[in-house]
Amino acid sequence: MKTFNKYIFNNRYFSTFILLIMLITPVGALLTGCSTDDKVVLTTGFGNEEIMRIGDLDCSTQEALLYLSDTKKEYAKLYGADIWSVSINGVYVKDNIKTMVLNQIIKTKVMNLMAADMGIALDEDSIKGAKVLARDYYEALSDADKAKLGNITQEKLEEIYQEKILAGLLYQELTNDINQEISDDEARTIVLKQIYVSYGQNDTDKVDARTKCEEAVAQFGEGVPFEKLIGQYSEKEEESLYYQKGDLPESMEISAFNLGQGEISDIIEGNDGYYILYCVNPNDLSVTESTKAEIIENRKREAFDEKYEAFNKTVSYYINMELWDSIDYEIN
């Protein structure tokens, strides 16, 4: 079996791993109950505390409560404690988060099955690291905390941490060979401002909108500052817009990325209006390195997703939705 001994352990591993799984789980893949292709099989015959079975792995209510608790804490740190009760278009964020957590658990289990299939296993250092993380986590829990987590044990925490670590190692293994060479042009971020003038459904409205844009272009040629023209002509607020290649429609991107500092584009026709682009900065070097890192991570996620989805098609899920729905996710 292939083993690894260079994994870096720290006491924030569990929450960090949750965010990793969130990143590599497409939103469109979230479960809504029962999938149309029978990928998720809802069945009976589970143990009293068994929420799901995937291959030879299962998930208990204790594990689910741990995921839910830690995810809630992470969201509270990022968006404030009130995020749990926010409703968007009639849907509570807490309900979407609970669905997302179910997917996190499923993905972790499938990644562990995939690791086993590839012969990837934890070495002694990784197992010891999981023990340390589990011990530290367990000792930090009060009796009330343990009760809220279904009287979770240190041994259960060790199992959970081992699964998280193994899934992380799988991700590393499947993305190690990704090309990390990014050219400055590929990572280039431009900063624009714009004038936008909408048009209606008839030809007259369209002509009037273009006439306004032509007036703005003419005044810019006469030396009128673009910021002043935005206030005079644009139907959108003045703001600096940051774009990388691939962010804009092709018709806009070609024009935008060929502008020099202080130059404006020709009048560009969009779906419902005309645009004039003004180049504030043709290459914002302050974000180049972070952009390169983002491009590399996107490449890794794409490579991982392709391999993961191929394996995922071979796996069946058995989920006790009645028990899952009954879990109290209003965890403090």
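All residue numbers here refer to positions counted from 1 along the written sequence of the relevant chain. Where totals are concerned, whole chains, interfaces and linings use all residues; where local detail is concerned, this predicted model gives features only for residues with pLDDT of at least 70, and gives and counts side-chain atom pairs only at 80 or more. Values reported for side chains reflect all heavy atoms of the structure, with hydrogen atoms and water molecules removed beforehand.

## Notes on the overall build of the protein chain
And then number 1: Secondary structure assignment for the protein chain yields eleven helices and twelve strands.
And then number 2: The rule is simple: take the accessible area with a 1.4 Å probe, protein chains only, and divide by the maximum for that residue type; under 20% is buried, over 50% is exposed, in between is partly exposed. Relative to its full complement of 332 residues, the protein chain shows a buried share of 47%.
And then number 3: We call two residues in contact whenever any of their non-hydrogen atoms come within 4.5 Å of each other. At a minimum sequence separation of 6, the contacts of the protein chain that also span at least 24 residues come to 79%.
And then number 4: All accessibility values rest on the Shrake-Rupley procedure with a 1.4 Å probe; residue burial counts only the protein chains present in the view. Working note: accessible area of the protein chain is about 17800 Å², and carbon and sulfur atoms make up 47% of it. For the purposes of this entry, the term helix denotes a DSSP run of H or I that reaches at least four residues, the term strand denotes a run of E that reaches at least two, and both are numbered from the N terminus.

## Side note on the packing of helix α4 (residues 124-139) against helix α6 (residues 154-175)
And then number 1: At their nearest, the axes of α4 and α6 sit 8 Å apart, and the two run at 130° to each other. The angle between α4 and α6 places the two elements in the oblique class. In this structure, the crossing between α4 and α6 has a hand that is right-handed. The segment α4 lies against α6, with S126, I127, A130, K131, L133, A134, R135, Y137 and Y138 engaging Q154, L157, E158, Y161, Q162, I165 and L169.
And then number 2: Amino acid classes used here: Ala, Val, Leu, Ile, Met, Phe, Trp, Tyr, Cys and Pro are nonpolar; Asp, Glu, Lys and Arg are charged; the rest, including Gly, are polar. In terms of residue class, the contact of α4 with α6 is built from ten nonpolar, three polar and three charged. A fitted line through C-alpha atoms serves as each axis, taken over the contacting stretch for helices, and the angle formed by two N-to-C directions is quoted from 0 to 180°. Working definition: roughly parallel below 35 degrees, roughly antiparallel above 145 degrees, roughly perpendicular at 65 to 115 degrees, and oblique for all remaining angles. The sense of a crossing depends on the near helix, which, turned anticlockwise from the far helix by less than a right angle, makes the crossing left-handed and, turned clockwise, makes it right-handed.

## A closer look at empty space enclosed by the protein
And then number 1: Here a cavity means grid points, on a 1 Å grid over the protein atoms only, where a 1.4 Å probe fits yet cannot get out; a pocket means an open set of points with protein on both sides within 12 Å along at least five of seven lines; lining residues are those with an atom within 4 Å of a point. Grid points are joined across faces, edges and corners, and a volume is the space filled by probe spheres set on the points. The full count for this structure, using the stated rule, is one cavity of 30 Å³ or more.
And then number 2: Approximately 40 Å³ is the volume attributed to the largest cavity.
And then number 3: As for the largest cavity, its lining consists of K193, Q194, I230, K236, E237, E238, E239 and L241.
And then number 4: Residue composition of the lining of the largest cavity, grouped by class: two nonpolar, one polar and five charged.

## What about the side chain of E50?
And then number 1: Within the secondary structure, E50 sits in strand β3 (residues 50-54).
And then number 2: Under this definition, polar contacts are N or O atom pairs within 3.5 Å; protein pairs additionally need one hydrogen-donor-capable and one acceptor-capable atom, and for neighbouring residues in sequence, both atoms have to be side-chain atoms. Within the structure, E50 has its side chain in polar contact with the side chain of R53 (distance 2.9 Å).
And then number 3: Residues contacting E50, with those up to four places away along its chain left out, are D58, C59, N320 and L323.

## Description of the pattern of salt bridges
Any two side chains of opposite charge can pair, on the condition that their charged atoms come close.
And then number 1: By convention in these notes, a salt bridge is any Lys or Arg side-chain nitrogen within 4 Å of a carboxyl oxygen on Asp or Glu. Enumeration over the complete set of coordinates arrives at eleven salt bridges.
And then number 2: For R135, the salt bridge goes to D136, with nearest N and O atoms at 3.2 Å.
And then number 3: On the basis of relative accessible area, D136 is assigned to the partly exposed category, the value being 33%.
And then number 4: What emerges from the salt-bridge pattern is a single network uniting E63, K109 and E163.

## A look at the confidence of the model for the protein chain
And then number 1: Every residue carries a pLDDT, the predictor's confidence in it, which falls somewhere between 0 and 100. Looking at the protein chain, the pLDDT average stands at 83 and 86% of residues meet or exceed 70.
And then number 2: Scored below 50 in pLDDT, residues 1-16 shows 44 contacts in the model against residues more than four places distant or in partner chains.
And then number 3: Note that pLDDT drops below 50 for residues 18-37; the model gives that stretch 39 contacts with residues more than four away or on any other chain.

## Topic: the nonpolar core
And then number 1: In terms of nonpolar packing, the biggest core is built from 54 residues, with M52 and W324 touching the most fellow members.
And then number 2: The element contributing the most residues to this core is helix α3 (residues 93-118), with twelve residues.
And then number 3: Membership of the second largest hydrophobic core comes to 16 residues, among which are I195, A209, L229 and I276. Within this scheme, the nonpolar core is defined by two criteria: the residues are buried Ala, Val, Leu, Ile, Met, Phe, Trp, Tyr or Cys, and they are joined through side-chain atoms within 4.5 Å.

## A few points about helix α2 (residues 61-79)
And then number 1: Given the number of residues in a helix, its expected span is that number minus one, multiplied by 1.5 Å. The terminal C-alpha atoms of α2 lie 26 Å apart, and with 19 residues this matches the ideal 27 Å at 1.5 Å per residue to within 8%.
And then number 2: Burial of α2 is extensive: 14 of the 19 residues sit out of reach of the surface.
And then number 3: Just downstream of α2, G80 is the residue with a positive phi angle, here 100°.

## Looking at the sheet that holds strand β9 (residues 241-244)
And then number 1: Taking strand neighbours across the sheet as the criterion, the four strands line up as β9-β8-β11-β10 in an open arrangement whose pairing is antiparallel. Only two strands of the sheet have a single partner each, and these edge strands are β9 and β10 (268-269).
And then number 2: For two strands to count as paired, DSSP must find a minimum of two bridges between them. Pairing analysis gives two bridges linking β10 to strand β11 (residues 273-281), with the strands arranged antiparallel. Bridge pairing in β11 places I268 opposite Y275.
And then number 3: Together, β8 (189-198), β10 and β11 form the strand contacts of helix α7 (residues 203-221), whose direction differs from that of β11 by roughly 25°.

## Observations concerning the environment of N103
And then number 1: You can see N103 is positioned in helix α3.
And then number 2: A distance of 2.9 Å separates the side chain of N103 from the backbone oxygen of T99, its partner in a polar contact.

## Points about the environment of I105
And then number 1: Summarising the element assignment, I105 is placed in helix α3.
And then number 2: When its relative accessible area of 0% is taken as the criterion, I105 is described as buried.
And then number 3: Excluding its chain neighbours within four sequence positions, the residues that come into contact with I105 are M52, C59, A64, Y67 and W324.

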